[in-house]
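# Residue-level structural notes
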Amino acid sequence: MNCRRCGRELPEGDEKACPYCGIRQDTYIVPRTQSKYTRPKMKRGTMLSVVSVALVVFIVAVLVPVLRNLNRGILMEKIEQAYADQNKETLAILLANLKRSYPASGEEIDDAQEMLDSLLGKSTPQPDGDADKIRQQQIQHLIDTAQDSILQILSISFMEPSPQGTLHLSIEWKNTAEKAVSELRFSVEGLDASGATVPLHDKEATRAGLTVTGEVAAGKQSTATFLDVWDSGRVERAKLVSIVVEYADGSAVTLPQEVMDALYN
């Protein structure tokens, strides 16, 4: 008789227990089977955690830089508007925000600093030969901003002399802002053939303050007519000295002097 476990032959008289492995022959032996490894299923909570982490990584890597660039662009638009409005206090605050929030934006910071220095009457040191070029670029930027975002003067003309012998002035303009204009205030001088200023009709002053009211929607044109400004026969051309624009929302903007000198002198 052989052992049920080790298979060795059992000595006579020891059939109940194997002297080699020690197992009793009446013991039930469970046959060994090879079990396959089954990979545990991912729990729902674990899956949600993985998805949440992936979403956070996406937001940090993609959306945050996009939103920062968008906010920086909006901040630069506000800085340019403050410069166009010649609002030194607002421009200084916006510049501080730009430096704090976007310290690596060197070019934008330099541009904003130059705008503020210009309003404060400071001159920013520039390399020799570059100062005039940079200044011309700044003035051109102001001109483009004024014409594209504030207003355009389409024509300045004189109307036929009145029976009283006075000259009327007509200014055609277009609202290029994105909001309605409620009032325009022009400061105008009349110049004779030699370029000298001419006194106003029945006045000793040479500079006229002319105001036109009435709402003009964004993108629309209008013509402002001013009667009896000068005596006819003396004025060769009209020179716009300053323009103040008031909007229907209560805000106002004054065209920078550089724009007036470049466009209307």
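Here the structure is a predicted model, which means the values were calculated and not measured.

Moving on, we get to the packing of aromatic side chains. Evaluation of the coordinates by the stated rule reveals two aromatic pairs. An angle of 85° between the planes, with centres 6.0 Å apart, marks the rings of Phe-158 and Trp-230 as edge-to-face. Here Phe-158, found in strand β1 (residues 151–159), pairs with Trp-230, found in strand β6 (residues 221–231); they are 72 residues apart in sequence, far enough to count as distant. Taking the relative accessible area as the measure of exposure, Phe-158 reaches 30% and is therefore partly exposed. Classification of Trp-230 by relative accessible area gives buried; the value is 0%. Plain terms: the ring middles of Phe-186 and Phe-226 are 6.1 Å apart, the flat faces sit at 75° to each other, and that makes the pair edge-to-face. Taken as a pair, Phe-186 in strand β3 (residues 181–191) and Phe-226 in strand β6 lie far apart in primary sequence, 40 residues in all. Classification of Phe-186 by relative accessible area gives buried; the value is 2%. For Phe-226, a relative accessible area of 9% gives the class buried. Here Lys-179 stacks its cationic end above the ring of Tyr-247, 4.6 Å away from the centre of that ring.

Enumeration over the complete set of coordinates arrives at four salt bridges. In this structure, Glu-246 and Arg-185 form a salt bridge, with 2.6 Å as the shortest nitrogen-oxygen distance. One end of the pair, Glu-246, is in strand β7 (residues 237–247); the other, Arg-185, is in strand β3, with 61 residues separating them in the sequence. Residue Arg-185 is classed as partly exposed on the basis of its relative accessible area, which comes to 29%. The shortest N-O distance in the salt bridge between Arg-207 and Glu-189 comes to 2.9 Å. Remark: Glu-189 occurs in strand β3 and Arg-207 occurs in strand β5 (residues 207–216); sequence separation between them is 18 residues. The class of Arg-207 is partly exposed, set by a relative accessible area of 45%.

The next point concerns the packing of helix α2 (residues 88–101) against helix α3 (residues 106–119). Axis angle and axis distance: for two packed helices, these are the angle between their axes and the distance between the axes, and together they describe the pair. In the contact formed by α2 and α3, the axes pass within 10 Å of each other and the chain directions differ by 160°. Comparing their axes, α3 and α2 come out roughly antiparallel. For the crossing formed where α2 meets α3, the hand is left-handed. Within the contact between the two elements, α2 uses Lys-88, Leu-91, Ala-92, Leu-95, Leu-98 and Lys-99 and α3 uses Glu-108, Ile-109, Ala-112, Gln-113, Met-115, Leu-116 and Leu-119. Here the residues of the contact of α2 with α3 sort into nine nonpolar, one polar and three charged.

Take the nonpolar core next. Ranked by size, the top nonpolar core spans 52 residues in total, and within it Phe-186, Ile-243 and Val-245 carry the most contacts. Broken down by element, this core gets its largest block of residues, six residues, from helix α1 (residues 44–84). Leave out the neighbours within four places in its chain, and Val-245 touches Ile-150, Leu-151, Val-181, Glu-183, Leu-184, Ser-251, Ala-252, Val-253 and Leu-255.

Moving on, we get to the environment of Ala-224. Tracing the backbone shows Ala-224 in strand β6. Spatially, the C-alpha atoms of Ala-224 and Thr-211 are 8.7 Å apart, while their sequence positions differ by 13 residues. Discounting chain neighbours no more than four positions away, the residues touching Ala-224 are Leu-169, Ser-170, Ile-171, Trp-173, Phe-186 and Val-212.

In this section: the pairing of strand β2 (residues 166–175). Here β2 lies mainly inside the structure; eight of its 10 residues are buried. Between the end of β1 and the start of β2, which pair antiparallel, lie six residues, with Gly-165 showing a positive phi angle near 80°. Strand direction decides the pairing type here: β2 and β6, joined by eight bridges, are antiparallel. In the sheet register, Lys-174 faces β6, and the bridge partner there is Gln-221.

Cut-offs and rules
Residue positions are given per chain, counting from 1 as you read along its sequence in written order. In keeping with the predicted nature of the model, local features appear solely for residues at pLDDT of at least 70, side-chain atom pairs appear and are counted solely at 80 or more, and the whole-chain, interface and lining totals rest on all residues. Computation of side-chain values: all heavy atoms of the structure, hydrogens and water removed. Two rings from Phe, Tyr or Trp (for Trp, the six-membered ring) form a pair when their centres are within 6.5 Å of each other. A pair whose planes differ by under 30 degrees is stacked, one over 60 is edge-to-face, and the rest are tilted. Segments assigned H or I by DSSP are reported as helices when at least four residues long, segments assigned E as strands when at least two residues long, and all are numbered from the N terminus. Burial classes follow relative accessibility: with a 1.4 Å probe on protein chains only, a residue under 20% of its type's maximum area counts as buried, one over 50% as exposed, and anything between as partly exposed. For a lysine, the NZ atom is tested; for an arginine, the CZ atom; a charge sits over a ring if that atom is within 6 Å of the ring centre and within 35 degrees of the ring normal. Between Lys or Arg on one side and Asp or Glu on the other, a salt bridge is scored when a side-chain nitrogen of the former is within 4 Å of a carboxyl oxygen of the latter. Throughout, an axis means a line fitted to C-alpha atoms (over the contacting stretch in the case of helices), and angles, computed between N-to-C directions, take values from 0 to 180 degrees. Here the angle decides the label: under 35 degrees means roughly parallel, over 145 means roughly antiparallel, 65 to 115 means roughly perpendicular, and every other value means oblique. By definition, any crossing whose near helix is turned counterclockwise from its far helix by less than a right angle is left-handed, and any crossing with a clockwise turn is right-handed. Only heavy atoms matter for contacts: two residues are in contact if any of them lie within 4.5 Å across the pair. Classification convention: Asp, Glu, Lys, Arg as charged; Ala, Val, Leu, Ile, Met, Phe, Trp, Tyr, Cys, Pro as nonpolar; all other residues, Gly among them, as polar. By nonpolar core we mean a set of buried residues, namely Ala, Val, Leu, Ile, Met, Phe, Trp, Tyr and Cys, connected to one another through side-chain atoms within 4.5 Å. Strand pairing is defined by DSSP finding a minimum of two bridges between the two strands.

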